[in-house]
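One-letter residues, chain by chain:
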Amino acid sequence: MPTGGGRLEPRRAEGIPADLPHFTVMRITVLAGGVGAARYLRGLKQAAPEAEITVVGNTGDDITLFGLRVCPDLDTVMYTLGGGINEDQGWGREGETHRVRAELAAYGASPDWFTLGDRDFATHILRSQLLAAGQPLSAVTEVLCRRWQPGVRLLPMSDDPVETHVTLAGPGGREIHFQEWWVRLHAATPAARISASGAERARPAPGVLAAISDADVVVFPPSNPVVSIGTILAVPGIRAAVAAKTVVGVSPIIGGAPVRGMADACLTAIGVETSAAAVAAHYGPELIDGWLVDDQDKAVTDDPALAGIAVRALPLLMRDLPATTAIARAALDLAQELG
Ligand code: GDP
Ligand code: CA
């Protein structure tokens, strides 16, 4: 919930005569996972072309493979907004080949369950080189973004290592990296626990807390509430900074199911029902002020369990850029109404 008012129209500074063009731009900060966030951000850039958009990216999915540091969510945002994404897949580079991967397989190198294309490898090689030279992930991400020009400021949630781990249900439940559960096991083996390993010691990356506190609105795009947004909020200081702002979220759940992916398996692991209402209640009115649900979930707008959260229903399928832009616009409109 906001403690101070932030308006969404360009603000005219106090004491400046009305005829002088002295505007400050709207500042929007978005907590982002991968594919859902990246697509939403495309619409947000269209909806608010003048805005300064800062993206705080989830790094809990990051993993070291073949000695290289891979940051799937940061890269999905960077490639999508920079025009390098594989549109059909939603992740990875377009026009990709897999020669390096095939060579590694010929050596019997493991793991064999994670796909990395040749073009994508270059990103991970350069990132790993810069990290090994002592640069923090935030600086490395800035270097990578100089090529892609995503049109937003992309910050990792933290420069400190945080890895999402999944404890498998069942006797002697093994703890594995989130990627192994998601990619190798397709989240089909139930999770007893999902944890952000290292989060308690992590510090927000430089600029993250300021981007949140300086924002006119904080948006939760349609991202995984557990392993994307939940992980970002687990970095000490971020949840409190977000809670102090006007926050509007977009439901990643439509009609009781995720639109893509297996977010239901993650929600089940933390004891939250897979519904637009349950996700909003999980965030709670102390964190979010507004919540967009799909027309299919219209009934949620009067759900007493969501008291203190303004709920609006509209089509939430990001089927193309105009539809996505309308969703982004609706989030800003709701924030303005609430702020
Ligand atoms: P990931 O890191 O690539 O899994 O991506 P995110 O954390 O950004 O989350 C993906 C989430 O976006 C999933 O839970 C999907 O259900 C949701 N999603 C994908 N496409 C759409 C869409 O068109 N509309 C809505 N409302 N949600 C979507
Ligand atoms: Ca992800």
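For the structure itself, look to the data block above.
First, a word on what this report is: a plain description of the structure on this page. Remember, predicted model here, so these are calculated numbers, not experimental data.

Okay, the nonpolar core next. Formed by 53 residues in total, the largest nonpolar core has its most connected members in Trp181, Phe220, Val242 and Trp291. Here this core gets six residues from one element, more than from any other, and that element is helix 11 (residues 276–283). Within the second largest apolar cluster, 45 residues are counted, among which are Ala38, Ala48, Leu144 and Leu292.

This next bit is on unusual backbone geometry. With an omega of 5 degrees, the peptide bond running from serine 110 to proline 111 counts as cis. Within the secondary structure, proline 111 sits in the loop between helix 3 (99–106) and helix 4 (118–132). With phi around 55 degrees, alanine 187 is a residue other than glycine that occupies positive phi space.

This part takes up the environment of phenylalanine 121. Note that phenylalanine 121 resides in helix 4. Residues phenylalanine 121 and arginine 69, spaced 52 residues apart in sequence, show a C-alpha to C-alpha distance of 10.0 Å. Setting aside chain neighbours within four positions, we find phenylalanine 121 in contact with Phe66, Leu68, Val100, Arg101, Leu104 and Leu116.

For the rest of this paragraph, the subject is the site of ligand 1. Not every one of the 20 residues close to ligand 1 is listed here, only the nearest: Ser223, Ser228, Val259, Leu316 and Met318. Within the backbone of glycine 36, one N or O atom sits 3.1 Å away from an oxygen atom of ligand 1. In the environment of ligand 1, an oxygen atom lies 2.7 Å from a nitrogen or oxygen atom belonging to the backbone of methionine 318. Relative to its unbound accessible surface of 600 Å², ligand 1 loses 90% to contact with the protein. No other element matches helix 1 (residues 35–47), which puts three residues into the shell around ligand 1. Considering only residue class, the shell around ligand 1 consists of 11 nonpolar, seven polar and two charged.

Here the focus is the coordination of the calcium ion (ligand 2). Of the protein atoms, only Asp61 (OD), Asp73 (OD) and Asp73 (OD) coordinate the calcium ion (ligand 2), at distances of 2.1 to 2.6 Å. Of this pair, aspartate 61 sits in the loop between strand 4 (52–57) and strand 5 (63–65) while aspartate 73 sits in helix 2 (residues 72–82), and the two are 12 residues apart along the sequence. On the accessibility criterion, aspartate 73 (7% relative accessible area) is buried.

Turning next to the pairing of strand 11 (residues 217–220). Along strand 11, one buried face is formed by Val217 and Val219 and the opposite face, lined by Val218 and Phe220, is buried too. Both strand 3 (residues 27–32) and strand 11 contribute to a ladder of three bridges, which runs parallel. The residue bridging isoleucine 28 from the neighbouring strand is valine 217, located in strand 11. Where strand 11 meets strand 12 (residues 247–250), three bridges bridge the pair, whose relative direction is parallel. Considered in strand 12, the bridge of valine 219 is made with valine 248.

Here we come to helix 2. A large share of helix 2 lies buried, amounting to 10 of its 11 residues. In the segment just after helix 2, glycine 83 is the residue with positive phi, at about 85 degrees.

Examined against the element boundaries, leucine 209 turns out to sit in helix 7 (residues 208–213). The spacing of leucine 209 and histidine 98 is 111 residues in sequence and 39 Å in space, taken between C-alpha atoms. Those residues within four positions of leucine 209 in sequence are excluded, and the remaining contacts are Pro204, Gly237, Ile238 and Ala241.

Pairing is antiparallel across the open sheet formed by three strands, whose spatial order is 9-8-10. Here the strands that pair on one side only, and so sit at the sheet edges, are strand 9 (175–177) and strand 10 (191–197). Within this sheet the neighbouring strands show an average axis-to-axis angle of 30 degrees, counted without direction.

This paragraph deals with the pattern of salt bridges. Following the criterion strictly, the structure yields 12 salt bridges and no others. A salt bridge links glutamate 94 to arginine 93; its shortest N-O distance comes to 3.0 Å. A relative accessible area of 7% means that arginine 93 is categorised as buried. One salt-bridge network, in which partners are shared between bridges, spans Arg93, Glu94 and Arg119.

Definitions and cut-offs
- Residues numbered from 1 in each chain as written.
- Chains lettered and ligands numbered in written order.
- Predicted model: local features only at pLDDT ≥ 70, side-chain atom pairs only at ≥ 80, totals over all residues.
- Heavy atoms only, no water.
- Core = buried A, V, L, I, M, F, W, Y, C linked by side-chain atoms within 4.5 Å.
- Buried < 20%, exposed > 50% of the residue type's maximum accessible area, 1.4 Å probe, protein only.
- Helix = DSSP H or I, 4+ residues; strand = E, 2+ residues; numbered from the N terminus.
- Contact = heavy atoms within 4.5 Å.
- Near = heavy atom within 4 Å.
- Polar contact = N/O pair within 3.5 Å; in protein donor to acceptor, adjacent residues only side chain to side chain.
- Areas by Shrake-Rupley, 256 points an atom, 1.4 Å probe, with all protein chains shown as cover.
- Nonpolar A, V, L, I, M, F, W, Y, C, P; charged D, E, K, R; others polar.
- Donors = N, O, S within 2.8 Å, 3.2 Å for Na, K, Ca; no water.
- Pairing = 2+ DSSP bridges.
- Axes fitted to C-alpha atoms, helices over the stretch in contact; angles between N-to-C directions.
- Salt bridge = Lys/Arg side-chain N within 4 Å of Asp/Glu carboxyl O.

Any link to function would need more than the numbers given here.
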